[in-house]
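Analysis of the macromolecular model
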Amino acid sequence: MAERPYIVGNWKMNGTRAMLSEARAIDRAAQRYMKVEVAVAPPYTLIHAVHKEAEQIGVGAQDCHPGAEGAHTGDINASMIADAGAKFVILGHSERRQDHSETKDLINAKIESALEAGLRVILCCGEPLETRDAGKAERYVLDQLKAALPLFEDPAERLTIAYEPIWAIGTGRTATSEDIAAMHSAIRALLNETYGEEASSLVRILYGGSVKPDNARDILATPEVGGALVGGASLSAESFLGIVVGASEAEEA
Ligand SMILES: O=C(CO)COP(=O)(O)O
């Protein structure tokens with residue numbers, strides 16, 4: 001893998017200003033693991049405060065509205081999160097696809113607005129359990145991605161993929177190394193086909209779904225796994241840093 005492993009904490013709807021001490025601890029410790037790129041995506045309300053704390057780690061957002069500024073009560077657009085200090089945005093997360101009925105067209109519009117605002121995108125994909133049990137996981141995930149990949153003119157600079165099987169999110173159940181390797185290599189083949197091998201090789205494919213300090217090293221040593229998108233275990237500096245250590249060990253192994 002050409003790039004350093006990328007460990008991203010998705011705080012989801014968690015965190016008040018009390019969490020800033022965790023962000024500070026993560027940032028200070030991350031300086032000891034320079035072989036790993038570390039970032040967090042706090043809720044909108046903390047982006048600017050975490051950005052001000054962060055010397056080493058990257059800061060991003062968990063979503064953005066696709067429109068320009070205007071009459072959209074309660075919404076936050078891509079240029080606003082960039083102004084708050086975000087360098088990337090997570091788009092297409094299964095929780096948003098489900099809770100907010102996000103369609104491919106809406107996700108694509110968000111991608112376009114994020115790219116225009118100069119942000120990098122972590123584009124999420126992942127299948128529900130019934131789809132995996134029906135043997136259709138790969139087709140489902142590749143279809144999710146095919147809709148969006150052509151929007152990235154400079155994928156090496158702007159795109160990270162996160163494969164998160166829905167049944168592994170927050171459940172304590174992770175996919176097997178074989179399943180992860182098979183899906184990641186199918187995604188890699190699609191990236192190669194879309195962008196050519198050279199540009200594709202610079203796009204990291206993260207795994208997400210119950211990544212914890214005790215399974216991080218094995219998951220991160222799986223072929224084509226370029227990092228992890230971490231939910232629950234990113235909420236304390238101790239467990240999140242345990243995953244960063246696992247990534248650093250997998251990188252050295
Ligand atoms: O959805 C996830 C990250 O975006 C994964 O969440 P958990 O690590 O809590 O399973």
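Residues numbered from 1 in each chain as written. Predicted model: local features only at pLDDT ≥ 70, side-chain atom pairs only at ≥ 80, totals over all residues.

By the criterion of burial, strand β5 (residues 120-125) is predominantly enclosed, with five of the six residues buried. Bridge analysis of strand β4 (residues 88-91) against β5 gives four bridges, and the strand direction is parallel. When the sheet's bridge partners are listed, Val89 is paired in β5 with Val121. Judged from the five bridges that link them, β5 and strand β6 (residues 159-163) form a sheet pairing that is parallel. Each bridged residue has a counterpart across the sheet, and for Val121 the counterpart in β6 is Leu159. (Buried ≥ 20, exposed ≤ 12 C-beta atoms within 10 Å, placed from the backbone. Helix = DSSP H or I, 4+ residues; strand = E, 2+ residues; numbered from the N terminus. Pairing = 2+ DSSP bridges.)

It is worth spelling out the domain arrangement of the protein at this point. By the assigned domains, the protein splits into domain 1 (14-62), domain 2 (64-85 + 99-119) and domain 3 (136-230). Placing a centre on the C-alpha atoms of domain 2 and another on those of domain 3 gives a separation of 23 Å. Listed per partner, the contact involves six residues of domain 2 and four residues of domain 3. Here the side of domain 2 that touches domain 3 is composed, by residue class, of three nonpolar, one polar and two charged. (Domains from an automatic or database assignment. Contact = placed C-beta atoms within 7 Å. Nonpolar A, V, L, I, M, F, W, Y, C, P; charged D, E, K, R; others polar.)

Among the residues of helix α11 (residues 213-220), those classed as buried are Ala216, Ile219 and Leu220. Along the long axis of α11, the arc covered by the buried residues comes to 85°, so they all point the same way. The elements touched by buried residues of α11 are α9 (177-195), β7 (205-208), β8 (227-230) and α12 (237-252). (Arc of directions from axis to C-beta.)

What follows concerns unusual backbone geometry. Its identity as a non-glycine residue notwithstanding, Lys12 has a phi of 50°, on the positive side. Along the polypeptide, Lys12 turns up in the loop between β1 (6-10) and α1 (20-30). We note that Glu224 has phi near 70°; this positive angle belongs to a residue other than glycine. Relative to the helices and strands, Glu224 is located in the loop between α11 and β8. C-beta crowding within 10 Å serves as the criterion here: with 18 such atoms nearby, Glu224 is assigned to the partly exposed category.

What follows concerns helix α5 (residues 104-116). Here α5 is 13 residues long and its end C-alpha atoms lie 18 Å apart, about the 18 Å a rise of 1.5 Å per residue gives. Along α5, the positions that sit buried rather than exposed are Ile107, Lys110, Ile111, Ser113 and Ala114. Where the residues of α5 are buried, they touch α3 (78-84), β4 and β5. Two residues or fewer past α5, Gly118 is found with a positive phi of approximately 85°. (Expected span 1.5 Å × (residues − 1).)

Surrounding the ligand, one finds 14 residues, the nearest of these being Asn10, Ile169, Gly208, Gly231 and Gly232. For the shell around the ligand, a count of residues per class yields five nonpolar, eight polar and one charged. (Near = placed C-beta within 6 Å.)

The subject of this paragraph is the environment of Thr160. For Thr160, the location among the structural elements is in strand β6. Along the sequence, Thr160 and Cys124 sit 36 residues apart, while their C-alpha atoms lie 8.7 Å from each other. Sequence-distant contacts of Thr160, that is, excluding residues within four places in its chain, are made with Tyr6, Arg120, Ile122, Val203, Arg204 and Leu206.

Turning our attention to the sheet that holds β1. Taking strand neighbours around the barrel as the criterion, the eight strands line up as β1-β2-β3-β4-β5-β6-β7-β8 in a closed arrangement whose pairing is parallel. Geometrically, the sheet is characterised by an average inter-axis angle of 25° between neighbouring strands, direction not taken into account. As defined by bridge partners, strand β3 (residues 58-61) adjoins β4 across two bridges and the pair is classed as parallel. Paired with Ala61 across the two strands is Val89, which belongs to β4. Packing against the sheet, helix α2 (residues 44-53) makes contact with β2 (37-41) and β3, and its axis sits at approximately 165° to β3. (Axes fitted to C-alpha atoms, helices over the stretch in contact; angles between N-to-C directions.)

Grouped together as the largest cluster of nonpolar side chains are 75 residues, with contacts concentrated most on Ile7, Val89, Val121, Ile161, Ala228, Ile243 and Val244. At six residues, the largest contribution of residues to this core is made by α12. (Core = buried A, V, L, I, M, F, W, Y, C linked by C-beta atoms within 7 Å.)

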